[in-house]
Amino acid sequence: MRARELWVVLETLHDVTYFAPQAKAAHEAAGLRGFWRGYVGTRAAPLGAAGLGVVTAVFYGFAPSFLARSVPSIWEVVSPAEALAARSAGAVAALREHVREVPAPVLPVLRRIVAAAGWAGRPLGAANAALPWPDDPLAALWQAATTLREHRGDGHVAVLAAEGVDGLEAHALRDAADGSRSVVAPNRGWTDEEWAAARDRLAARGLIDGRGLTDRGARLREHIERRTDELAAVPYSAVGEDELAALDGWLRPIARGLVPVPVPHPNPVGAPTP
């Protein structure tokens, strides 16, 4: 599915925000010291000075106690507007190291895709879509990548919630398939006791057992990913397949150039390798 292929590329472009040294420097200059304060502050900033309940709801996979280290006290350090300025400055500085210019057709195609997206029930995507388009082409590229990335993420959360899989259970379900707990657990704030309780809940539903995913669990994971992709693909139908192929052909080499520096793999964000 072309939308999923492009998501992998756009996710990597977006993730310079968290991992690139230029981005970290911009966040710290604004007062967002430490990886997670930078992550939480810059990602939540489009929502305004959101409280812990809102941020926990939209971030979904994070422990409330983990997010409480940053929210709401972070808004006493920087305003949402200052956090937005820092994330844009850092992302653009990071991308400029790898991108000489943005070809003329790229941004119009991305803007048409964004314009075709539906935002009902997609709070993070909608908040990013409501921001003004930057004049700088690299900033606009990053903004488009981020908006579409959050559009997909909001849809993924909706599918998980509809299937009765909470944020921690989603991590535990994935871990049963790929052993990702060692990367995820330290970066989402859940305790061993909470993780064990989530596994017990999944086991009670017949989704995992002592060996890993059951057949039922594998089918559920496949359904969640497929439905997420289907929902994310809707706005991409606004442009032709030839335009999507051209977009992929230009963006993918850039995304690959960002791996493993500044975007490491594996990483706590869960971004796949483009």
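So, how was this worked out
Residue indices follow the written sequence of each chain, beginning from 1 at its first position. Owing to the predicted nature of the model, reporting of local features is limited to residues with pLDDT of at least 70; listing and counting of side-chain atom pairs is limited to 80 or more, with chain, interface and lining totals taken over all residues. Side-chain measures here rest on the full set of heavy atoms in the structure, leaving out hydrogens and waters. Where helices and strands are cited, they refer to DSSP runs of H or I of at least four residues and of E of at least two residues respectively, numbered from the N terminus. We compute the radius of gyration from the C-alpha atoms alone; for a globule the expected value is 2.2 Å times N to the 0.38, where N is the number of residues. Type-normalised accessible area, obtained with a 1.4 Å probe on protein chains alone, sets the label of each residue: buried when under 20%, exposed when over 50%, and partly exposed for intermediate values. By definition, residues are in contact when any of their heavy atoms lie within 4.5 Å. For the area figures, the Shrake-Rupley method with a 1.4 Å probe applies, and any residue is considered shielded solely by the protein chains shown. In what follows, salt bridge is the name for a side-chain nitrogen of Lys or Arg lying within 4 Å of a carboxyl oxygen of Asp or Glu. Multiplying 1.5 Å by the helix residue count minus one yields the expected span of that helix. Relevant arc is that of directions from the helix axis to the C-beta atoms, nothing else. Whenever a helix is involved, its axis is fitted only over the stretch in contact; in every case the axis is a line through C-alpha atoms, and angles between N-to-C directions fall within 0 to 180 degrees. Every angle not falling under 35 degrees, over 145, or within 65 to 115 is termed oblique; those three ranges are roughly parallel, roughly antiparallel and roughly perpendicular. What qualifies as a polar contact is a pair of N or O atoms within 3.5 Å, subject to a donor-acceptor requirement within protein and to the restriction that residues adjacent in sequence count only when both atoms come from side chains.

For the protein, the name recorded in an unreviewed UniProt entry is SalK, with Amycolatopsis thermoflava as its organism.

A.B. asks: Looking at this structure, I do not really get the overall build of the protein. What am I missing?
C.D. replies: For the protein, the helix and strand inventory stands at 15 helices and two strands. Against the globule reference of 19 Å for 274 residues, the protein gives a C-alpha radius of gyration of 18 Å, in line with a compact fold. The principal-axis extents of the C-alpha atoms in the protein amount to approximately 55 × 45 × 35 Å. The buried share of the protein, taken over its 274 residues, is 50%. Considering only contacts in the protein between residues 6 or more positions apart, those separated by 24 or more positions represent 77%. Of the roughly 11800 Å² of accessible surface on the protein, 55% is carried by carbon and sulfur atoms.

A.B. asks: What am I meant to see in the pattern of salt bridges here?
C.D. replies: Oppositely charged side chains can pair when the atoms bearing their charge come close. Applying the stated rule across the entire model yields 21 salt bridges. Arg149 is the partner of Glu11 in a salt bridge, and the nearest nitrogen-oxygen pair spans 2.8 Å. Within this pair, whereas Glu11 is found in helix α1 (residues 2-14), its partner Arg149 is found in helix α10 (residues 137-162), the two being separated by 138 residues in sequence. Of the two residues, Glu11 and Arg149, neither departs from the other in class, the shared state being buried. A salt bridge links Glu225 to Arg152; the shortest N-O distance between them is 3.8 Å. One end of the pair, Glu225, is in helix α14 (residues 215-233); the other, Arg152, is in helix α10, and 73 residues separate them in sequence.

A.B. asks: What's the story with helix α13 (residues 192-204) in this structure? I'm lost.
C.D. replies: Residues separated by three or four positions in an α-helix point in the same direction, a consequence of the helix having 3.6 residues per turn. Between the first and last C-alpha of α13 there are 18 Å, a value that for 13 residues agrees with the 18 Å anticipated at 1.5 Å per step. Three or more residues of α13 are buried, namely Trp195, Ala198 and Leu202. Taken around the axis of α13, the buried residues stretch over an arc of 60°, which confines them to a single face. The exposed residues of α13 that point more than 90 degrees off its buried face are Glu193, Asp200 and Ala204. On its buried side, α13 packs onto α11 (167-178), α12 (181-184) and β1 (208-209). Phi turns positive, to about 75°, at Gly206, one or two residues after α13.

A.B. asks: Can you walk me through the side chain of Thr56 in this structure?
C.D. replies: Relative to the elements of secondary structure, Thr56 occurs in helix α5 (residues 52-59). Among all residues touching Thr56, those that are not within four sequence positions of it are Phe62, Pro64 and Leu67.

A.B. asks: Where do I start with the packing of helix α7 (residues 80-96) against α10 in this structure?
C.D. replies: Two quantities define a packed helix pair, namely the angle between the axes and the distance from one axis to the other. Relative orientation of the contacting elements α7 and α10 amounts to 110°, with a least axis distance of 9 Å. Of the possible angle classes, the one that applies to α7 and α10 is roughly perpendicular. Residues Arg87, Ser88, Ala91, Val92, Leu95 and Arg96 of α7 touch α10, and the partners they reach there are Leu138, Ala139, Trp142, Gln143 and Thr146.

A.B. asks: Would you mind going over the side chain of Thr214 with me for this structure?
C.D. replies: Tracing the backbone through its elements, the reader meets Thr214 in the loop between β2 (212-213) and α14. Polar side-chain contacts of Thr214 include one of 3.0 Å to the backbone nitrogen of Gly217. Discounting chain neighbours no more than four positions away, the residues touching Thr214 are Gly206, Leu207, Ile208 and Asp209.

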